[in-house]
Amino acid sequence: QKNDPERNTKLALLKTMPDHFAGEVYLADYLLYRLNRDRCFHYVDELQLSGPTDDVRELCSHIAATLSHKIQSQVYWAELCSGA
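Quick caveat, the model's predicted, so the values are computed rather than measured. (Residues numbered from 1 in each chain as written. Predicted model: local features only at pLDDT ≥ 70, side-chain atom pairs only at ≥ 80, totals over all residues. Heavy atoms only, no water.)

With respect to the overall build of the protein chain
Then, number 1: Within the protein chain, the regular secondary structure consists of five helices and zero strands.
Then, number 2: The order of helices and strands in the protein chain, counted from the N terminus, is α-α-α-α-α.
Then, number 3: A buried classification covers 20% of the 84 residues belonging to the protein chain.
Then, number 4: Look at the contacts in the protein chain between residues 6 or more apart in sequence, and 18% of them connect residues 24 or more apart. (Helix = DSSP H or I, 4+ residues; strand = E, 2+ residues; numbered from the N terminus. Buried < 20%, exposed > 50% of the residue type's maximum accessible area, 1.4 Å probe, protein only. Contact = heavy atoms within 4.5 Å.)

As structure tokens, then:
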């Protein structure tokens, strides 16, 4: 069926259809669900989390904060190196 949410999610995760058809947050939530269900917890260490999570919004906030910190550090380092 065209409007099957799980089918659309799987197709979007495989990049065979645009993400917005399934919804980006829904895709992230489904992927997190599958990682946890299959006990693939590599993301915990990679993202420096305290443990597995099933809250995609908490995960997104953590990723955004980590990226923001890295960007701020890179800008600071570039300013230091340029003598600014």
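A word on the packing of aromatic side chains
Then, number 1: Tallied over the full model, the rule gives one aromatic pair.
Then, number 2: Between Tyr-30 and Tyr-33 the ring centres are 6.1 Å apart and the planes differ by 45°, which places this aromatic pair in the tilted class. Remark: Tyr-33 and Tyr-30 occur in helix α3 (residues 24–37); sequence separation between them is three residues, near one turn of the helix.
Then, number 3: Overall, Tyr-30 belongs to the buried group, its relative accessible area being 11%.
Then, number 4: Looking at Tyr-33, the relative accessible area reads 44%, which means it is partly exposed. (Phe/Tyr/Trp six-rings, centres within 6.5 Å; stacked < 30°, edge-to-face > 60°.)

Side note on the confidence of the model for the protein chain
Then, number 1: Confidence in the prediction of the protein chain, expressed as mean pLDDT, is 84, and 83% of residues score 70 or more.
Then, number 2: Across the protein chain, helix α4 (residues 42–46) holds the top mean pLDDT of 94, while helix α2 (residues 19–22) sits lowest at 77. (pLDDT = per-residue confidence, 0-100.)

Quick notes on the pattern of salt bridges
Think of it this way: side chains of opposite charge can pair up when their charged atoms draw near.
Then, number 1: All told, the structure shown has three salt bridges when counted by the stated rule.
Then, number 2: We note a salt bridge from Lys-10 to Glu-6, for which the minimum N-O separation is 3.4 Å. A residue pair is termed a helical-turn pair when its members lie 3 or 4 positions apart in one helix, as Lys-10 and Glu-6 do in helix α1 (residues 5–13) at four residues.
Then, number 3: Residue classification places Lys-10 among the partly exposed residues on the basis of a relative accessible area of 37%.
Then, number 4: Asp-38 is paired through a salt bridge with Arg-34; the nearest N and O atoms lie 4.0 Å apart. (Salt bridge = Lys/Arg side-chain N within 4 Å of Asp/Glu carboxyl O.)

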